[in-house]
Structures are given as C-alpha cells and as structure tokens.
Amino acid sequence: MTLINASFRHAGAQQLAQSLLAARQATLSLFDCYTYAGLDVVAGMPHHPQLSPPLWQLGNIAWFAEWYILREAPSSHPADAVYNSLLTRGDDLFDANMVDHRARWSLDLPSPGAVKTYCHEVLDRVLDKLSREANVDSALAPYRLALAHEDLCGEQLLAGLQWLGLKGPEAQPASPSLPLAAGEISFPGGSIELGSRRDGGFAFDNECPPHACYVPPFTIDAVPVSNAQFADFVSDGGYQNRQFWSAAGSAWLMQQERSSPLYWLRDGMQWRTMRFGQRMTLPLHEAVRHINLYEAQAYCAWAGRRLASEAEWEYAALSGHPVFQWGHVWEWTATPFEPYPGFAPDAWREYSAPYFMQHQVLRGAAFATPPRLHSARMRAFHAPERGDIFAGLRTCAW
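Sequence positions are assigned chain by chain, starting from 1 and proceeding in written order. Selection of residues for local features in this predicted model requires a pLDDT of at least 70, selection of side-chain atom pairs for listing and counting requires 80 or more, and totals for whole chains, interfaces and linings are taken over all residues. Here the side-chain values reflect all heavy atoms present in the structure, with hydrogen atoms and water set aside.

### Details of the overall build of the protein chain
Working definition: helices are DSSP H or I runs of at least four residues, strands are E runs of at least two. Numbering for both runs from the N terminus. Helix and strand counts for the protein chain stand at nine helices and 13 strands. What the globule rule says is 2.2 Å times the number of residues to the power 0.38, and the radius of gyration is computed from C-alpha atoms. Scaling as 2.2 N^0.38, a compact globule of 398 residues should have a C-alpha radius of gyration of about 21 Å, and the protein chain matches this with 21 Å. Over its C-alpha atoms, taken along the principal directions, the protein chain stretches across nearly 60 × 50 × 40 Å. Here the protein chain, with 398 residues, has 56% of them falling under the buried criterion. Here, residues are in contact when the closest pair of their heavy atoms is within 4.5 Å. Taking all contacts inside the protein chain whose residues are at least 6 apart in sequence as the whole, residues at least 24 apart take part in 75%. Methods summary: accessible areas were calculated by the Shrake-Rupley approach with a probe of 1.4 Å, and residue burial reflects only the protein chains presented. In the structure as shown, the protein chain presents an accessible area of about 16,800 Å², 53% of it carried by carbon and sulfur atoms. Positive: Lys, Arg. Negative: Asp, Glu. His and the chain ends are not part of the count. The atom standing in for a charge is NZ when the residue is Lys, CZ when it is Arg, CG when it is Asp and CD when it is Glu. The distance from the centre of the 30 positive side-chain charges to the centre of the 40 negative ones in the protein chain is 2 Å. Each residue's exposure class comes from its accessible area (1.4 Å probe, protein chains only) as a fraction of the maximum for that residue type: buried when under 20%, exposed when over 50%, partly exposed otherwise.

### A look at the pattern of salt bridges
Any carboxyl oxygen of Asp or Glu within 4 Å of a side-chain nitrogen of Lys or Arg constitutes a salt bridge here. Inspection of every chain in the model, using the stated rule, returns 26 salt bridges. In this structure, the salt-bridge partner of Arg 275 is Glu 286, at a minimum N-O distance of 3.1 Å. One end of the pair, Arg 275, is in strand β6 (residues 270-275); the other, Glu 286, is in the loop between β7 (278-281) and α8 (293-303), with 11 residues separating them in the sequence. The same class applies to Arg 275 as to Glu 286, namely buried. Salt-bridge contacts for Arg 363 lead to Glu 314; the nearest nitrogen and oxygen are separated by 2.7 Å. One end of the pair, Arg 363, is in strand β10 (residues 360-364); the other, Glu 314, is in helix α9 (residues 310-317), with 49 residues separating them in the sequence. The same class applies to Arg 363 and to Glu 314, which are both buried. Shared partners join several salt bridges into a network, and the residues in it are Glu 310, Glu 314, Arg 363, Arg 377 and Arg 379.

### Structural notes on the sheet that holds β7
Taken in spatial order, the three strands of this open sheet run β5-β6-β7, and their pairing is antiparallel. Each having just a single partner strand, β5 (264-267) and β7 make up the two edges of the open sheet. Neighbour-to-neighbour, the strand axes of the sheet open up by a mean angle of 35°, direction not taken into account. Summarising the sheet, β6 and β7 pair through four bridges and their orientation is antiparallel. Paired with Met 274 across the two strands is Arg 279, which belongs to β7. Strands were regarded as paired on the criterion that DSSP finds at least two bridges between them. Only the contacting stretch of a helix is used when fitting its axis, a line to C-alpha atoms as for every element, and angles between N-to-C directions run 0 to 180 degrees.

### Concerning helix α6 (residues 227-235)
Buried within α6 are the following residues: Asn 227, Phe 230, Ala 231, Phe 233 and Val 234. The buried residues of α6 occupy an angular sector of 155° when projected down its axis, which confines them to one face. Where the residues of α6 are buried, they touch β5, β6 and α8. Positive phi shows up at Gly 237, right after α6, with a value of about 80°. The directions from the helix axis to the C-beta atoms are what the arc is built from.

### What to know about the sheet that holds strand β12 (residues 391-392)
One open sheet accounts for four strands, arranged β11-β10-β9-β12; its pairing is mixed. Strands at the two margins of the open sheet, each flanked by one partner only, are β11 (380-382) and β12. The sheet contacts of α9 involve β9 (330-336) and β10, and relative to β10 the element is tilted by about 10°.

### Points about unusual backbone geometry
For the peptide bond that leads from Cys 208 to Pro 209, omega is -10°, which places it in the cis range. Relative to the helices and strands, Pro 209 resides in the loop between β2 (190-194) and β3 (211-215). Unusually for a residue other than glycine, Glu 72 sits at a positive phi of about 55°. Looking at the secondary structure, you find Glu 72 in the loop between α2 (54-70) and α3 (90-94). Its identity is not glycine, yet His 290 carries a phi of approximately 60°, on the positive side. Take His 290: it is sitting in the loop between β7 and α8.

### Quick notes on the pairing of strand β4 (residues 218-221)
Residues Phe 218 and Ile 220 line one face of β4 and the alternating positions Thr 219 and Asp 221 line the opposite face, and both faces are buried. Summarising the sheet, strand β1 (residues 184-187) and β4 pair through four bridges and their orientation is antiparallel. When the sheet's bridge partners are listed, Ile 185 is paired in β4 with Ile 220. In this sheet, strand β13 (residues 395-397) lies alongside β4 in antiparallel orientation, the contact comprising two bridges. Paired with Ile 220 across the bridge in β13 is Cys 396.

### So, the packing of aromatic side chains
Think of it this way: a Phe, Tyr or Trp ring, Trp meaning its six-membered ring, pairs with another when their centres are within 6.5 Å, and the plane angle makes it stacked under 30 degrees, edge-to-face over 60, tilted otherwise. Applying the stated criterion across every chain, the model contains 31 aromatic pairs. Taking the centre distance of 4.9 Å and the plane angle of 65° together, the rings of Phe 64 and Trp 348 count as edge-to-face. A residue pair is termed long-range when its members are at least 10 positions apart, and Phe 64 in helix α2 and Trp 348 in the loop between β9 and β10 qualify at 284 residues. Neither residue differs from the other here; Phe 64 and Trp 348 are each classed as buried. Residues Tyr 351 and Phe 381 carry aromatic rings whose centres are separated by 5.4 Å and whose planes lie at 75° to one another, so their mutual orientation is edge-to-face. Of this pair, Tyr 351 sits in the loop between β9 and β10 while Phe 381 sits in strand β11; the two residues are 30 residues apart in sequence, bridging distant segments of the chain. Phe 381 sits in the buried class, given a relative accessible area of 11%. Taken together, the ring pairs connect Phe 8, Phe 64, Tyr 68, Phe 202, Phe 204, Phe 337, Phe 343, Trp 348, Tyr 351, Tyr 355, Phe 356 and Phe 381 into an aromatic cluster.

Put into structure tokens, the structure is as follows:
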C-alpha cells in the first residue's frame, strides 16, 4: 500500500505531505468537472438543500486548513484564531459555522481564479510549515484534521457531480463487484470495546471515548445488498406495499412518489441507471447505492431481516473474518446518531454535536472514500432521507 493510501490516523510528516498533495489534486480535479459544465460560479449552479456550491466548498477546504494549521486555532470558536486570514473577509465567506447552507448560495464570493490562488497559497504554506514540524502527534494533529476534512469534502463534491448528471474525473474510483453467493456469517457475540482510544493518533470525536458494549449472538450478511437483490424488492412491489415502510418512511415516500431507487430507470424488462451523466445497464452484482434509511428499512422488512446495530457492524468488521467485506458503500445501521458516554467535542466542535439525535449512523466506507480514511471504527452520519450519498445496506438477524 502506498503512503497516500495508508491510514492517516498515525501518519507522520512525510505521509501527510504526500497525502495533502494527493487530496488537493483530487479536489481540483473534481472542481474542474464543475468548471467544464459552467458551474464553477454559484449563479449557474442548481440549488441543492444539503450540498454547498462547489466554489464555496473549494474555498472552505482552504480556509479550514488555514484556520487550524496556519492560524493555529485550537478550536472552531470564531475568536480562537491566532492570526488573520490570507483572504480578505475569509472568515465571513468560508467559515461553515458563520455561513449556513442557505446563505452559501447568495454570497458574493471571489472569482474561481481567486479562490484557486488562495488554495494554492494556503497549501504551499501548510507544506512549508509541515516540513519544519516536530514529528510528534501533538504537532501533526491539525494536519491530520485538515486532511480528513478535505477527503470528506471531496466525497461530497463527487456526490454533487452525480446529482447534477455531470461527468466525473478520469481517475474516478470504480465500485467493485460483489462476490457471488457470499452468504452470511454467524457470530457468537460477547463484550467488545466500542469506539476509538485517544492514543495520540487521530480519531473523530464521535468515536470517543471507547466503552464496553455487550453484543448478543447475531447473523450478518458477508457483503452489502446488491442491485440484483434490491431489484427483486422493487419488482415485488416493495415501493407500493406500505406494510414494509415505517411511518416516517411512508410519509417520505408519499412526498417523493418514488417507485425505485434514485437514478434507476426502467427500460423494458431491465433496469438502467444514470452514473455521472451516462445512462448504463444497472450492474446487478454491485452494491446498491443511493439508498436512504427508509428504503433500507423497507428492504429489510420485505426480506424478513433487519439492519445491524453499529455495535454489531463494528464487531463483525473487527473480527478478522475473511468473508466479511466492506468498503463498497456506506452502510445504514439501526443506530441513531448519539454521543458515546463521556463524549467531549474536539477542536472541530461542530463536526458531530449539532447532529446528535437527528441523524442516523452509517458504517464502513464507499468506493468513493479515499482508502486512507477507511476505519472500522468510523461513524458516518446523515439525515434519514439522504439518498444522494453513496450509501447502501447489509442485512442482519438474531
């Protein structure tokens, strides 16, 4: 595994420098895709209630790295930066805590060229400062945080391209096929330590602190649900039969008038799908993607199964079982997004806390997630209705 693909959680200065460069190259490649479509300025960009304009996202990526690394802010509190921004009104424009999603669509942002210049200047100074840092965790923590933030934003930018029907970068990762007849795995259960230790390496605040958790015996699919399996649910009237849907799911379904997953298209006797602006035959042996929580729950009800709790998922992922595979799609779990006992916010104070009790936990990673970000302990989280993300499911049973 190359340095840029190895886990960033204990990355040293050399690995961080290479990874920050690779992340920025990926970010700019994604932004170029919007530019080619004339959507590098906010005025031409169709509004999405949960995505940010790509020009704002690009500026925010640079601002975030500048805030924590160059401006040496110990937290995201607006008064915590030691130094001023390189960009006039940088905080007013690109601080996500000061500018909510709706406001980002009406800001008078600098030109794309000016934002790119800002990005280059920040990265050059970040790498120069990194080259002089002590190779210890306390000094490298803000660099790891900035890298994680840029990788997370990159996946959002890719999801935006899919939503708009735009072509992705040439080096875009592909979703691998699932093994045929992978079956399910039975686990005896037992006590596990759920969460991440603060051992000097990086951990998202919502993973901490670790705590003992008892997991009863359970059976779980070896791989996520495939497009072929989900197509059986659709063909069997899964979207029309309300007995499979929760009350919240039924309410969502009535508003959407949905009869199949997002981006699926019926073509005679077969299913086709839209992938980054290209109509293609639905790959039956890939993990189903762009499924929201309600659709995942309905599929499970139809199949006589259930979603795994996040504790069951982490137990299975850390078991070392050779058949258990993950990393195809983010996987919805049965667990609401709540703080672990003893939770305390980290420097990025707004990463988790505002979303507790409102969002649902997803585990794993998607094909679009950089390998360095993969961790069996990572807790992703989204609103139940989000289907534009690269999310699917696997089923479980007692």
